[in-house]
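Descriptive analysis of the structure
Below are the chains, spelled out letter by letter.
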Amino acid sequence: MSSSIDNMLADVSIGAPWDLTEIFSALPRCSPQDVNRACDVLVSKLRLHGIPVQVHDCDLYLSVPLSAHVVAQGRTFKAKPSAYSIHCPRGLTGDLVYVPASYSRSISSLFLRNFDAQATSADRLRGKIVVSEGFAMPQKMREFEENGAIGVIAVNPGIDIHWGICTTIWGSPGLDDLKRKPNIPILAVNQTDGLQLIDLAKHNDAATLVCEMDEGWFQQKLPVVTITGAQEPDPFVLLHGHYDSWDVGVGDNATGNATMLEIARVLWLHRAKLKRSVHIAWWPGHSTGRYAGSTWYADHFALELDEYCVAQINCDSPGCRWATEYHDISWMKEAEAFAQSVIRKVTGQEAMGARPHRAGDYSFNNIGITSLMMLSSTMPEPLREEKGYYSVGGCGGNIAWHTENDRLEIADPEVMLKDIKVYLSLVAGIANAEILPFDWRMIVDELKDVLAKYQQEMGNDYVFSNTRQALSQLEETLRLFHVRLSQAALSPAVANAVITRLARLLVPINHTQQARFDHDPASPVPALPTISIAAQFKKMDPGLRGFALTQLRRGENRLVATLKQAHKEVLPAIA
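Residues numbered from 1 in each chain as written. Predicted model: local features only at pLDDT ≥ 70, side-chain atom pairs only at ≥ 80, totals over all residues. Heavy atoms only, no water.

1. A look at the pattern of salt bridges
Using the following cut-off: Each salt bridge in this description consists of a side-chain nitrogen of Lys or Arg and a carboxyl oxygen of Asp or Glu lying within 4 Å of one another. Remark: exposure states derive from per-residue accessible area (1.4 Å probe, protein chains only) relative to the maximum for the residue type, with buried under 20%, exposed over 50%, and partly exposed in between. Helix and strand assignments follow DSSP, with helices taken as H or I runs no shorter than four residues and strands as E runs no shorter than two, numbered in order from the N terminus.
In the structure shown here, the tally under the stated rule is 23 salt bridges. A salt bridge links Asp439 to Arg441, with the nearest nitrogen and oxygen atoms 2.9 Å apart. When its relative accessible area of 33% is taken as the criterion, Arg441 is described as partly exposed. A salt bridge links Glu475 to Lys448, with the shortest nitrogen-to-oxygen separation between them at 3.0 Å. Pair noted here: Glu475 is in helix 15 (residues 465–486) and Lys448 is in helix 14 (residues 441–458), with a separation of 27 residues, a long-range link.

Right under this line is the structure:
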């Protein structure tokens with residue numbers, strides 16, 4: 001780590017970030033009005049430190065949960081509506097049907113389908129209210145609705161009920177997205193009440209779902225700090241996180257807001273030593289709009305992001321109590337070695353990460369931007385098991401996530417101070433790197449492994465020879481590129497241009513299914529998605545396999561053309 005970054009780290013303190021955390025711990029940030037008030041507080045804190053900030057006014061489509069309950073057998077069960085549930089204040093009544101599901105054991109499976117597929121036939125669910133264990137995850141809710149369910153009760157795994165959002169629409173809907181807008185009430189209950197409702201469902205009893213929502217277009221404030229690089233002002237690193245929250249949401253995400261405030265303060269002090277620019281953005285509409293704020297920014301600044309953004313870093317749930325390890329980190333493979341080295345340098349720990357989930361304000365995949373981080377430090381697995389905690393999507397593993405209990409005690413100033421230094425080192429490390437620290441050879445290795453699994457699934461029914469050849473060609477080209485880098489035979493400007501252009505090609509082909517500048521649904525995206533149908537081929541109805549092979553051919557054409565284009569992008573640098 002350079003001396004300039006060491007000097008930055010020496011100036012990190014807990015005063016300003018802890019002050020903001022305490023203020024936000026008493027300020028609800030769910031309703032659009034409260035969110036805008038919180039922005040005003042944040043902007044005042046930035047300006048107090050002399051940091052210039054631009055506040056964008058953006059129109060976002062939001063769905064704000066107000067209240068809900070379930071009535072069955074003369075009893076009233078407390079519930080929470082999911083954002084994007086329909087508004088039905090007079091109630092919707094139907095027979096209950098139970099669909100067994102397992103609770104996720106880790107964050108890696110939290111976003112996946114977790115129900116018994118044998119129990120979801122349209123004949124069984126049509127006209128019924130589904131009761132099923134788990135959170136109201138969007139793909140799961142969509143499949144229930146597609147199979148005819150008229151309502152869903154998600155049985156959360158503990159004594160608390162968690163807020164959430166149940167749509168697969170990413171950001172404010174476009175016209176083409178409206179068909180995926182939920183048209184049923186979707187509620188969550190705690191496990192105790194849920195078990196009673198499951199029992200009623202097994203006896204074919206009925207229930208009434210009552211749900212009140214506030215849905216529509218709202219003007220929200222989106223603050224962005226730009227700290228201009230002294231040597232290369234146009235290229236920039238984007239650091240971002242949401243400042244709206246469920247209730248006061250301390251661990252998710254007041255601690256993240258405070259972390260970004262302190263990074264803005266330190267980088268502003270050291271701006272003369274910053275090579276590239278840094279943009280720091282606080283998003284509204286994360287919780288009630290499925291990343292509507294970051295999507296608005298991605299849409300309105302798409303061409304600037306495409307031309308100049310060298311990386312995006314998401315800051316969500318740092319600085320939480322007991323969160324002493326780094327084993328649930330998200331990063332794209334090309335950034336893994338860099339991220340691990342930074343965390344090792346700052347904390348002395350080894351970090352473990354995985355392919356990013358389709359979550360966490362990763363609204364820039366379709367543009368093609370190298371991305372790292374999502375959740376931050378988390379509690380050790382033995383401690384989580386000792387406490388009997390189930391898997392959640394933030395708060396350092398604390399099950400106060402998305403509940404009224406996510407209050408000041410969830411934050412830990414010592415952990416926050418360490419996480420601030422991690423994030424600052426990541427941002428400054430990329431901004432000040434002579435050569436951008438992203439290794440595309442790691443992506444080739446990842447894609448070769450994925451391709452081998454898909455080929456094993458397909459057997460002789462389809463042979464990915466064109467993809468193998470294109471990957472081998474790109475692998476050799478990248479090898480020569482790194483040889484030239486090691487010999488200092490390439491100018492940094494040429495090398496960085498190649499590294500960035502490769503992101504615009506290889507990130508979308510590995511992380512998206514929709515076109516560039518569009519937004520994929522909030523559903524899991526498998527590696528090499530254009531040919532991922534191969535993973536289901538053997539289980540498929542034989543009558544559908546011809547159609548699957550047609551889809552595979554088209555998907556491989558797109559994949560191979562992209563890999564060849566990546567090869568061509570590197571060629572001039574090694575000629």
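Structure's up, so let's keep going.
2. With respect to the state of the cysteines
Let me state the cut-off plainly: Cysteine sulfur pairs qualify as disulfides if the two atoms are within 2.5 Å.
Enumeration according to the criterion identifies 0 disulfides in this entry. The closest cysteine sulfur to the non-disulfide-bonded Cys58 is located on Cys39, 9.3 Å from its own sulfur. Note on Cys58: relative accessible area 1%, which makes it buried. With no disulfide of its own, Cys395 has Cys320 as its nearest cysteine by sulfur position, at a separation of 5.2 Å.

3. Considering the pairing of strand 7 (residues 206–227)
This is how the line gets drawn: A pair of strands is labelled paired if DSSP reports no fewer than 2 bridges between them.
Pairing between strand 1 (residues 54–72) and strand 7: 17 bridges, direction antiparallel. Within the sheet, the bridge partner assigned to Asp59 lies in strand 7 and is Gln219. Bridge count between strand 3 (residues 88–98) and strand 7: 5 bridges; the pairing is antiparallel. Within strand 7, the residue paired with Gly94 across the bridge is Ala207. Pairing analysis gives 4 bridges linking strand 7 to strand 9 (residues 276–283), with the strands arranged antiparallel. Bridged to Val224 within strand 9 is Ala281.

4. Digging into the side chain of His279
By the secondary structure assignment, His279 is in strand 9. Its relative accessible area of 7% is what places His279 among the buried residues.

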